[in-house]
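Tertiary structure, described
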Amino acid sequence: MTDRNGFISREKFMAELFRYKKGSVTRRHFLGVTGLGAATAVLGSAVPGLRSAAWAQANIGDRVVLATWPNYHDPANFEAFTAATGAAVDMNVFGSNEEMLAKLQAGGSGWDVFVPTNYTITTYVGEDLIEPLDLSKIPNYDAGAFNERFAGPGTVDGTVYAVPKNWGTTGFAVNTAQLGSLPKPTTWKEFWDMTMADFSGRTMVHDYQLTTIGNALKYFGYSFNSVEPSELAEAEKLLLDAKPHLFAISSDYQPSMRSGDAWMTICWTGDGKQMNRDMPEIEYVLGKEGGELWSDFYAIPKGAPHMDAAYALINYLLDPAVNAKESLFHGYPTADARVDALMPPEVLNDPILYPAAELLDALEFGAAVTLTDPNRAELMARFKSA
C-alpha cells in the first residue's frame with residue numbers, strides 16, 4: 001500500500017526488497033512497486049561520470065536477461081549498470097543445473113547470460129548450446145588473476161566458453177537454537193538421522209539431484225558423484241525413508257529457515273553466510289565425510305538475443321571493485337586475486353567462506369556424468385513424486 005504521496009511503507013518496501021534479492025520478482029517489478037524506477041533515471045542523469053566507467057559500453061540496447069541462482073547478486077550493482085548503460089537487468093532464477101540444461105535444450109530461453117556450474121560446461125559444448133567467448137569484449141577478464149583450480153573448467157579444448165564467477169562448497173545449515181540438548185551435527189549421517197528423528201518435519205533438501213543424491217551417498221561413505229547402480233539404490237532407500245520427514249524439497253530455502261519453519265537444510269556457502277550474518281544461531285556445517293566443492297561461471301547461450309549487452313554485463317561483473325561488492329553482499333568467495341586484495345581480513349579468514357584444509361580436502365568437484373546419467377535423473381524423479 002502507498003500513502004497519498006506515493007510512498008510505500010517500510011514493511012512493504014523490505015518485503016519487496018527481500019523478494020527481489022532472492023529472485024522471486026524481476027527488477028522492473030521491484031522498481032515499479034517501490035517507486036525507485038524514477039530514482040534510477042535521475043541517478044543516471046545526475047551522475048554522468050558513471051557512463052565513463054571502464055565497463056560501460058554504448059548502444060547495447062535497453063535490456064539484458066540473466067539466468068542465475070537465488071540470492072546470488074547485489075541488486076545495487078545492477079542499478080549502477082542500468083544507470084551507466086541504459087540496459088535493464090532482467091533476472092531469471094533457477095534451482096538446478098538440470099533445469100537450466102532442459103531450458104536451453106528446449107530452445108527459446110531468451111537468456112543472454114547464464115551461470116553454469118563447472119561440471120556442466122563440457123555438456124553444453126558437446127550439445128552446441130554455448131557460445132565461445134570473444135575475450136576482446138571482456139577486458140576486465142584477466143586469466144592470470146584467477147585460481148586455475150576454479151577457472152579451468154571454463155576452457156574446453158583450448159577454447160574459453162565461460163569465465164569464473166564464484167566458488168564455494170555445499171554443506172548444510174542448522175538452527176542451533178532448536179537443538180536443545182542435542183549436539184550440533186557434524187556429518188551427513190547425523191544430518192539424515194536427525195531429519196528422520198528430532199528434526200522430523202523441519203528439514204529441507206535441494207530440488208537438485210547432484211546435491212541431494214550426492215549427500216545421501218555420503219551417508220554410506222560413497223562418492224558424491226557415484227553412478228554405481230547398487231550405491232544409488234542405497235541412496236534412494238535413504239531418500240525415500242526421509243521423504244515423509246521433510247519440510248520441503250526446494251533450492252530456495254532461506255525464507256523458511258529465517259522464519260523458523262525449517263530448522264535444517266542442505267545449503268550452499270553464500271546462503272549459509274547470509275543467514276549466519278543475520279541470524280548467528282543458524283550455523284553452516286561441512287559434513288566430515290566430504291561433499292561438493294564447486295565453481296560457477298558466466299557464459300553466453302547460443303543465439304543470445306542481446307549479445308552486446310551480454311558481453312557488457314559480464315565485463316561489468318568482472319570489474320574487481322564491482323565483484324568485491326558482489327562478494328560482500330552474497331557471501332561467496334571469488335577465484336580472483338584482484339578481488340581478494342580488496343576484501344577485509346575478516347572475510348578472508350572466515351571459516352564458512354574458506355574452510356579448514358581437512359574439510360576442503362574431503363570435497364569433490366561435481367562430475368560431468370552426473371548431469372546426464374539417466375539413473376540419477378530417474379532416482380530424483382521417483383523421490384520427488386513419492
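The structure reproduced in this document is the subject of the present report. Given the structure is predicted, the values throughout are model-derived calculations rather than measurements.

1. Looking at empty space enclosed by the protein
Following the criterion strictly, the structure yields one cavity of 30 Å³ or more and no others. The calculated volume of the largest cavity comes to roughly 110 Å³. The wall of the largest cavity is formed by Trp 69, Pro 70, Tyr 72, Thr 117, Tyr 208, Trp 268, Glu 292, Trp 294, Asp 296 and Tyr 332. Ranked by residues supplied to the lining of the largest cavity, first place goes to strand E11 (residues 291-299) with three residues.

2. Some points on helix H14 (residues 320-330)
Where burial is concerned, most of H14 is hidden: eight out of the eleven residues are buried. When we look at burial in H14, the residues that qualify are Pro 320, Val 322, Asn 323, Ala 324, Glu 326, Ser 327, Phe 329 and His 330. Positive phi shows up at Gly 331, right after H14, with a value of about 85°.

3. Some details on the packing of helix H9 (residues 209-217) against helix H10 (residues 229-242)
The interhelical angle for the contact between H9 and H10, taken along N-to-C directions, is 100°, at an axis separation of 9 Å. Judged on the interaxial angle alone, H10 and H9 are roughly perpendicular. On H10, the residues touching Thr 212, Ile 213, Ala 216 and Leu 217 of H9 are Glu 231, Leu 232, Ala 235, Leu 238 and Leu 239. Partitioned by chemical class, the residues of the contact of H9 with H10 number seven nonpolar, one polar and one charged.

4. Comments concerning the nonpolar core
Among the nonpolar cores identified, the biggest contains 81 residues, and Phe 81, Phe 114 and Leu 313 are the most heavily contacted of them. Looking at which element gives the most residues to this core, the answer is helix H13 (residues 307-317), with eight residues. Ignoring any residue separated from it by four or fewer positions in sequence, one finds Phe 114 in contact with Ala 67, Met 100, Leu 104, Tyr 124, Ile 130, Phe 297, Tyr 298, Ala 299, Ile 300 and Pro 301. Formed by 25 residues, the second largest nonpolar core is a distinct cluster that contains Trp 192, Met 194, Leu 238 and Leu 239.

5. Examining the pairing of strand E2 (residues 88-93)
A regular strand places its side chains on the two faces of the sheet in alternate fashion. With six bridges connecting them, strand E1 (residues 63-68) and E2 associate as parallel partners. Following the sheet pairing, Arg 63 is matched in E2 by Ala 88. Since E1 and E2 lie parallel, the crossover through helix H4 (residues 75-85) that links them has a hand, and here it is right-handed.

6. Overview of the layout of surface pockets
In this structure, the second largest pocket encloses a volume near 210 Å³. In terms of lining residues, the second largest pocket is bounded by Lys 184, Thr 186, Tyr 284, Val 285, Leu 286, Lys 288, Pro 351, Ile 352, Pro 355, Ala 356 and Leu 359.

7. Thoughts on the pattern of salt bridges
Should their charged atoms come close, side chains of opposite charge can pair. Taken as a whole and assessed by the stated rule, the structure comprises eleven salt bridges. When the shortest N-O distance is used, the salt bridge between Lys 184 and Glu 283 registers 2.8 Å. One end of the pair, Lys 184, is in the loop between strand E6 (162-175) and helix H8 (188-195); the other, Glu 283, is in strand E10 (residues 282-285), with 99 residues separating them in the sequence.

8. Some remarks on the side chain of Asp 90
Checked against the element boundaries, Asp 90 lands in strand E2. Here the side chain of Asp 90 touches Arg 63 through a polar contact of 2.9 Å, side chain to side chain.

9. Overview of the environment of Ala 145
With respect to the secondary-structure elements, Ala 145 resides in the loop between helix H6 (121-126) and helix H7 (148-151). Residue Ala 145 is classed as buried on the basis of its relative accessible area of 9%. The sequence separation of Ala 145 and Ala 337 amounts to 192 residues, and the corresponding C-alpha distance is 5.3 Å. Not counting residues within four places of it along the chain, the set of residues in contact with Ala 145 comprises Ala 335, Asp 336, Ala 337 and Arg 338.

10. Thoughts on the environment of Tyr 222
Among the structural elements, Tyr 222 can be located in the loop between H9 and H10. Along the sequence, Tyr 222 and Leu 232 sit ten residues apart, while their C-alpha atoms lie 9.4 Å from each other. Once residues lying within four places of it in the same chain are set aside, the contact partners of Tyr 222 are Leu 217, Glu 231 and Glu 234.

11. Side note on the packing of H10 against helix H19 (residues 374-385)
One way to put it is that H10 packs onto H19 with a least axis distance of 10 Å and a crossing angle of 15°. By the angle class used here, H10 and H19 are roughly parallel. The two elements H10 and H19 meet at a crossing, and its hand is right-handed. The segment H10 lies against H19, with Leu 232, Glu 236, Leu 239 and Leu 240 engaging Asn 375, Arg 376, Leu 379, Arg 382 and Phe 383. Here the contact of H10 with H19 is built from residues that sort into five nonpolar, one polar and three charged.

12. Remarks on the packing of aromatic side chains
Scanning the entire structure with this criterion turns up 21 aromatic pairs. For the ring pair Phe 220 and Tyr 222, a centre distance of 5.9 Å and an interplane angle of 25° mean the geometry is stacked. Over the face of the ring belonging to Tyr 72 we find Lys 165, whose NZ or CZ atom lies 3.4 Å from the ring centre. A cation sits over an aromatic face here: Lys 243 above Phe 383, 5.6 Å from the ring centre.

13. Describing helix H5 (residues 97-106)
Within H5, the full set of buried residues consists of Asn 97, Met 100, Leu 101 and Leu 104. One side of H5 carries all its buried residues, which in axial view fall inside an arc of 100°. Among the structural elements, strand E3 (113-114), H6 and helix H18 (369-372) are those in contact with the buried residues of H5. Just downstream of H5 lies Gly 107, where phi reads positive at about 80°.

Conventions and cut-offs
Every chain is numbered independently, its residues counted from 1 as its sequence is written. Reporting in this predicted model follows two pLDDT cut-offs: at least 70 for local features of residues, and 80 or more for side-chain atom pairs to be given and counted; totals over whole chains, interfaces and linings ignore these cut-offs and use all residues. Excluded from the side-chain calculation are hydrogens and water; included are all heavy atoms of the structure. Site definitions follow a grid-based scheme: protein atoms alone, a 1 Å grid, a 1.4 Å probe that fits but cannot get out for cavities, and for pockets an open set with protein on both sides within 12 Å along at least five of seven lines, plus lining residues having an atom within 4 Å of a point. Grid points are joined across faces, edges and corners, and a volume is the space filled by probe spheres set on the points. Secondary structure counts use DSSP, requiring at least four H or I residues in a row for a helix and at least two E residues in a row for a strand, with both numbered from the N terminus. Burial classes: relative accessible area under 20% of the type maximum marks a residue as buried, over 50% as exposed, and values in between as partly exposed (1.4 Å probe, protein chains only). Each axis is a line fitted through C-alpha atoms, taken for helices only over the stretch in contact, and angles between the N-to-C directions span 0 to 180 degrees. With respect to orientation, any angle under 35 degrees is reported as roughly parallel, any angle over 145 as roughly antiparallel, any angle of 65 to 115 as roughly perpendicular, and every other angle as oblique. Only heavy atoms enter the contact rule, under which two residues are in contact if any of them lie within 4.5 Å. Note on residue classes: Ala, Val, Leu, Ile, Met, Phe, Trp, Tyr, Cys and Pro are nonpolar, Asp, Glu, Lys and Arg are charged, and everything else, Gly too, is polar. Buried residues of nine kinds, namely Ala, Val, Leu, Ile, Met, Phe, Trp, Tyr and Cys, make up a nonpolar core once their side-chain atoms join them within 4.5 Å. Criterion used throughout: strands pair if DSSP finds at least two bridges between them. Note on handedness: a crossover is taken as right-handed if, strands pointing away from the viewer, the path from the first strand over the helix to the second is clockwise. Each salt bridge in this description consists of a side-chain nitrogen of Lys or Arg and a carboxyl oxygen of Asp or Glu lying within 4 Å of one another. Distance and chemistry together define a polar contact, namely a pair of N or O atoms within 3.5 Å, with one atom able to donate a hydrogen and the other to accept it when in protein, and with adjacent residues in sequence counting only for side-chain atoms on both sides. When the near helix sits turned anticlockwise from the far one by under a right angle, the crossing is termed left-handed; a clockwise turn instead gives a right-handed crossing. In this analysis, rings of Phe, Tyr and Trp, with Trp reduced to its six-membered ring, are considered paired at centre separations within 6.5 Å, and the interplanar angle assigns stacked below 30 degrees, edge-to-face beyond 60, and tilted for intermediate values. We call a charge positioned above a ring when the Lys NZ or Arg CZ atom is no farther than 6 Å from the ring centre and deviates by at most 35 degrees from the ring normal. Relevant arc is that of directions from the helix axis to the C-beta atoms, nothing else.

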